[in-house]
Amino acid sequence: MNNNPHYILLPASPLFIAVSLFAAFLLNLLPWGQWFGVPDFVALILVFWSMHQPRKVGIGIAFFMGLLMDVHDAAVLGENALAYTLLSYFAITIHRRVLWFPNRTQALHVFFLLIMAQVVGVVVRMVVGGRFPGWLYFAESAVAACLWPVVTWILLAPQRRAIDKDDTRPI
(Lines give C-alpha, C1' and ligand atoms only; values in the text may rest on other atoms or scores of the structure.)
Protein backbone atom coordinates (compact mmCIF):
# COMPACT_ATOMS: atom_id res chain seq x y z
CA MET A 1 0.00 0.00 0.00
CA ASN A 2 1.30 3.41 -0.93
CA ASN A 3 1.11 5.74 2.08
CA ASN A 4 2.49 8.74 0.22
CA PRO A 5 -0.24 11.34 -0.25
CA HIS A 6 -0.91 12.77 -3.70
CA TYR A 7 -0.48 16.52 -3.69
CA ILE A 8 -2.06 18.95 -6.07
CA LEU A 9 0.77 20.32 -8.16
CA LEU A 10 1.15 23.73 -9.73
CA PRO A 11 0.91 23.79 -13.53
CA ALA A 12 4.15 23.06 -15.33
CA SER A 13 5.71 26.08 -16.96
CA PRO A 14 6.14 25.70 -20.73
CA LEU A 15 9.52 27.41 -20.34
CA PHE A 16 10.62 24.83 -17.75
CA ILE A 17 9.49 22.00 -20.03
CA ALA A 18 11.45 23.48 -22.95
CA VAL A 19 14.55 24.01 -20.79
CA SER A 20 14.41 20.43 -19.49
CA LEU A 21 14.11 19.04 -23.03
CA PHE A 22 16.99 21.26 -24.16
CA ALA A 23 19.11 20.12 -21.19
CA ALA A 24 18.38 16.50 -22.06
CA PHE A 25 19.41 17.19 -25.64
CA LEU A 26 22.66 18.75 -24.42
CA LEU A 27 23.32 15.71 -22.22
CA ASN A 28 22.88 13.51 -25.28
CA LEU A 29 25.34 15.73 -27.17
CA LEU A 30 28.13 15.09 -24.67
CA PRO A 31 30.90 12.90 -26.08
CA TRP A 32 29.89 9.69 -24.31
CA GLY A 33 31.10 7.67 -27.27
CA GLN A 34 30.25 4.02 -26.90
CA TRP A 35 30.20 4.03 -23.10
CA PHE A 36 28.27 1.18 -21.59
CA GLY A 37 24.87 2.05 -20.12
CA VAL A 38 24.64 5.78 -20.84
CA PRO A 39 20.89 6.40 -21.11
CA ASP A 40 19.09 8.32 -23.80
CA PHE A 41 18.23 11.42 -21.77
CA VAL A 42 15.92 12.86 -24.43
CA ALA A 43 13.84 9.67 -24.44
CA LEU A 44 13.68 9.68 -20.63
CA ILE A 45 12.56 13.30 -20.42
CA LEU A 46 10.08 12.80 -23.28
CA VAL A 47 8.50 9.89 -21.38
CA PHE A 48 8.32 12.00 -18.24
CA TRP A 49 6.62 14.97 -19.88
CA SER A 50 4.39 12.78 -22.05
CA MET A 51 3.11 11.15 -18.87
CA HIS A 52 2.86 14.26 -16.70
CA GLN A 53 1.87 16.87 -19.30
CA PRO A 54 0.43 15.03 -22.32
CA ARG A 55 -1.31 18.15 -23.64
CA LYS A 56 1.91 20.17 -23.64
CA VAL A 57 4.43 17.54 -24.75
CA GLY A 58 3.05 15.12 -27.27
CA ILE A 59 3.84 13.27 -30.42
CA GLY A 60 4.79 16.38 -32.42
CA ILE A 61 7.50 17.45 -29.98
CA ALA A 62 8.69 13.84 -29.78
CA PHE A 63 8.99 13.73 -33.58
CA PHE A 64 10.93 17.02 -33.63
CA MET A 65 13.31 15.86 -30.89
CA GLY A 66 13.78 12.60 -32.78
CA LEU A 67 14.76 14.48 -35.92
CA LEU A 68 17.28 16.51 -33.90
CA MET A 69 18.77 13.29 -32.52
CA ASP A 70 18.84 11.76 -36.01
CA VAL A 71 20.89 14.69 -37.26
CA HIS A 72 23.21 14.52 -34.25
CA ASP A 73 23.73 10.75 -34.44
CA ALA A 74 24.06 10.79 -38.24
CA ALA A 75 21.48 8.01 -38.18
CA VAL A 76 18.93 7.11 -40.80
CA LEU A 77 16.70 10.18 -40.97
CA GLY A 78 13.55 9.27 -39.09
CA GLU A 79 14.96 6.42 -36.98
CA ASN A 80 14.90 8.29 -33.68
CA ALA A 81 11.87 10.27 -34.80
CA LEU A 82 9.87 7.06 -35.24
CA ALA A 83 11.14 5.60 -31.96
CA TYR A 84 10.40 8.80 -29.99
CA THR A 85 6.98 9.18 -31.63
CA LEU A 86 5.98 5.65 -30.63
CA LEU A 87 7.50 6.20 -27.18
CA SER A 88 5.44 9.34 -26.67
CA TYR A 89 2.28 7.72 -28.02
CA PHE A 90 2.50 4.75 -25.66
CA ALA A 91 3.49 6.96 -22.71
CA ILE A 92 0.42 9.14 -23.31
CA THR A 93 -1.72 6.03 -23.69
CA ILE A 94 -0.80 4.66 -20.26
CA HIS A 95 -0.19 7.91 -18.38
CA ARG A 96 -3.41 7.95 -16.33
CA ARG A 97 -2.81 4.49 -14.95
CA VAL A 98 0.95 4.68 -14.41
CA LEU A 99 0.94 7.92 -12.43
CA TRP A 100 -1.02 6.25 -9.62
CA PHE A 101 1.79 3.78 -8.99
CA PRO A 102 4.79 4.48 -6.74
CA ASN A 103 8.03 5.57 -8.43
CA ARG A 104 9.57 2.09 -8.52
CA THR A 105 6.57 0.64 -10.33
CA GLN A 106 6.54 3.63 -12.67
CA ALA A 107 10.20 2.92 -13.39
CA LEU A 108 9.29 -0.61 -14.44
CA HIS A 109 6.72 0.72 -16.91
CA VAL A 110 9.23 3.27 -18.20
CA PHE A 111 11.80 0.48 -18.64
CA PHE A 112 9.50 -1.40 -21.00
CA LEU A 113 8.66 1.78 -22.92
CA LEU A 114 12.34 2.57 -23.39
CA ILE A 115 13.13 -1.03 -24.41
CA MET A 116 10.38 -0.79 -27.03
CA ALA A 117 11.91 2.44 -28.39
CA GLN A 118 15.34 0.85 -28.56
CA VAL A 119 13.96 -2.22 -30.34
CA VAL A 120 12.34 0.06 -32.93
CA GLY A 121 15.67 1.80 -33.52
CA VAL A 122 17.56 -1.48 -33.84
CA VAL A 123 14.98 -2.89 -36.26
CA VAL A 124 15.18 0.23 -38.45
CA ARG A 125 18.99 0.02 -38.47
CA MET A 126 18.97 -3.66 -39.32
CA VAL A 127 16.42 -3.19 -42.14
CA VAL A 128 18.70 -0.66 -43.85
CA GLY A 129 21.70 -2.96 -43.56
CA GLY A 130 23.13 -2.26 -40.13
CA ARG A 131 24.29 -4.90 -37.72
CA PHE A 132 22.90 -5.94 -34.36
CA PRO A 133 24.63 -3.90 -31.63
CA GLY A 134 24.57 -6.71 -29.06
CA TRP A 135 22.42 -7.34 -26.02
CA LEU A 136 24.35 -4.91 -23.81
CA TYR A 137 22.97 -2.11 -25.96
CA PHE A 138 19.68 -2.50 -24.08
CA ALA A 139 21.34 -1.75 -20.73
CA GLU A 140 20.66 1.94 -21.45
CA SER A 141 17.00 1.34 -20.70
CA ALA A 142 17.80 -0.30 -17.36
CA VAL A 143 20.00 2.65 -16.35
CA ALA A 144 17.32 5.12 -17.45
CA ALA A 145 14.68 3.23 -15.46
CA CYS A 146 16.94 3.41 -12.39
CA LEU A 147 17.20 7.17 -12.93
CA TRP A 148 13.40 7.55 -13.14
CA PRO A 149 12.81 8.36 -9.41
CA VAL A 150 15.57 11.00 -9.48
CA VAL A 151 14.29 12.53 -12.72
CA THR A 152 10.75 12.57 -11.32
CA TRP A 153 11.87 14.30 -8.13
CA ILE A 154 13.91 16.92 -10.04
CA LEU A 155 11.29 17.72 -12.69
CA LEU A 156 8.37 17.88 -10.27
CA ALA A 157 10.23 20.08 -7.75
CA PRO A 158 9.20 23.43 -9.30
CA GLN A 159 5.56 22.36 -9.28
CA ARG A 160 5.54 21.46 -5.58
CA ARG A 161 6.15 24.99 -4.33
CA ALA A 162 3.18 26.83 -2.93
CA ILE A 163 2.56 30.22 -4.49
CA ASP A 164 1.67 31.78 -1.15
CA LYS A 165 2.34 29.59 1.84
CA ASP A 166 -0.48 29.42 4.37
CA ASP A 167 -0.21 27.06 7.36
CA THR A 168 -3.98 26.83 7.78
CA ARG A 169 -4.69 25.66 4.25
CA PRO A 170 -4.59 21.86 3.81
CA ILE A 171 -3.50 21.97 0.16
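Bear in mind the structure is a predicted one, so any value in this text is a computation, not a measurement.

Draft legend 1. Geometry of the overall build of the chain. The number of helices and strands found in the chain is 6 helices and 0 strands. N-terminal to C-terminal, the α/β element order of the chain is α-α-α-α-α-α. The buried share among the 171 residues of the chain stands at 39%. Considering only contacts within the chain whose residues lie at least 6 apart along the sequence, 68% involve residues at least 24 apart. Of the accessible surface of the chain, which amounts to about 10600 Å², a share of 69% is contributed by carbon and sulfur atoms.

Draft legend 2. Spotlight on the packing of aromatic side chains. Throughout the structure, instances matching the rule amount to 11 aromatic pairs. Here the aromatic rings of F48 and W49 are separated by 4.8 Å at their centres, their planes lie at 80 degrees, and the arrangement is edge-to-face. The residues F48 and W49 share a single accessibility class, namely buried. Considering the side-chain rings of W135 and F138, the 6.0 Å spacing of their centres and the 40 degrees angle between planes classify their relative orientation as tilted. On the basis of relative accessible area, W135 is assigned to the exposed category, the value being 70%. Chaining the aromatic ring pairs together yields one cluster made of F16, F48, W49 and W148.

Draft legend 3. How the structure looks around helix α1 (residues 14-29). Look at α1: 23 Å from first C-alpha to last across 16 residues, which is about the 22 Å you get at 1.5 Å a residue. If you check which residues of α1 are buried, you get I17, S20, L21, A24, F25 and N28. The buried residues of α1 occupy an angular sector of 140 degrees when projected down its axis, which confines them to one face. Those residues of α1 that are buried are in contact with α2 (41-52), α3 (59-73), α4 (79-98) and α6 (139-160).

Draft legend 4. Layout of the confidence of the model for the chain. Of the residues in the chain, 89% reach a pLDDT of 70 or more, and the chain-wide mean stands at 90. Element-level mean pLDDT values for the chain span from 93 in α6 up to 97 in α2.

Draft legend 5. Representation of the environment of A18 in the model. Here A18 shows up in helix α1. Linking A18 and V57, residues 39 residues apart in sequence, is a C-alpha distance of 9.4 Å.

What counts and what doesn't
- Along each chain, residue indices are assigned from 1 in the same order as the chain's sequence is written.
- Local features in this predicted model are restricted to residues whose pLDDT is 70 or higher, and side-chain atom pairs enter the listing and the counts only when it is 80 or higher, whereas totals over whole chains, interfaces and linings include all residues.
- Only hydrogens and water are removed before side-chain values are computed, so all heavy atoms of the structure are retained for them.
- For the purposes of this entry, the term helix denotes a DSSP run of H or I that reaches at least four residues, the term strand denotes a run of E that reaches at least two, and both are numbered from the N terminus.
- For each residue, the accessible area found with a 1.4 Å probe, counting protein chains only, is set against the maximum for its type, and the residue is called buried under 20%, exposed over 50%, and partly exposed in between.
- Any pair of residues with heavy atoms lying within 4.5 Å of one another is described as a contacting pair.
- Here, Shrake-Rupley sampling with a 1.4 Å probe gives the accessible areas, and only protein chains in the shown set may cover a residue.
- For this analysis, a ring pair means two rings from Phe, Tyr or Trp (six-membered ring only for Trp) whose centres lie within 6.5 Å, classed as stacked if their planes differ by under 30 degrees, edge-to-face if by over 60, and tilted for the remaining angles.
- Helix span, expected: 1.5 Å multiplied by one less than the number of residues in the helix.
- In this description, the arc belongs to the directions extending from the helix axis to the C-beta atoms.
- The pLDDT value expresses, per residue, how confident the predictor is, ranging between 0 and 100.

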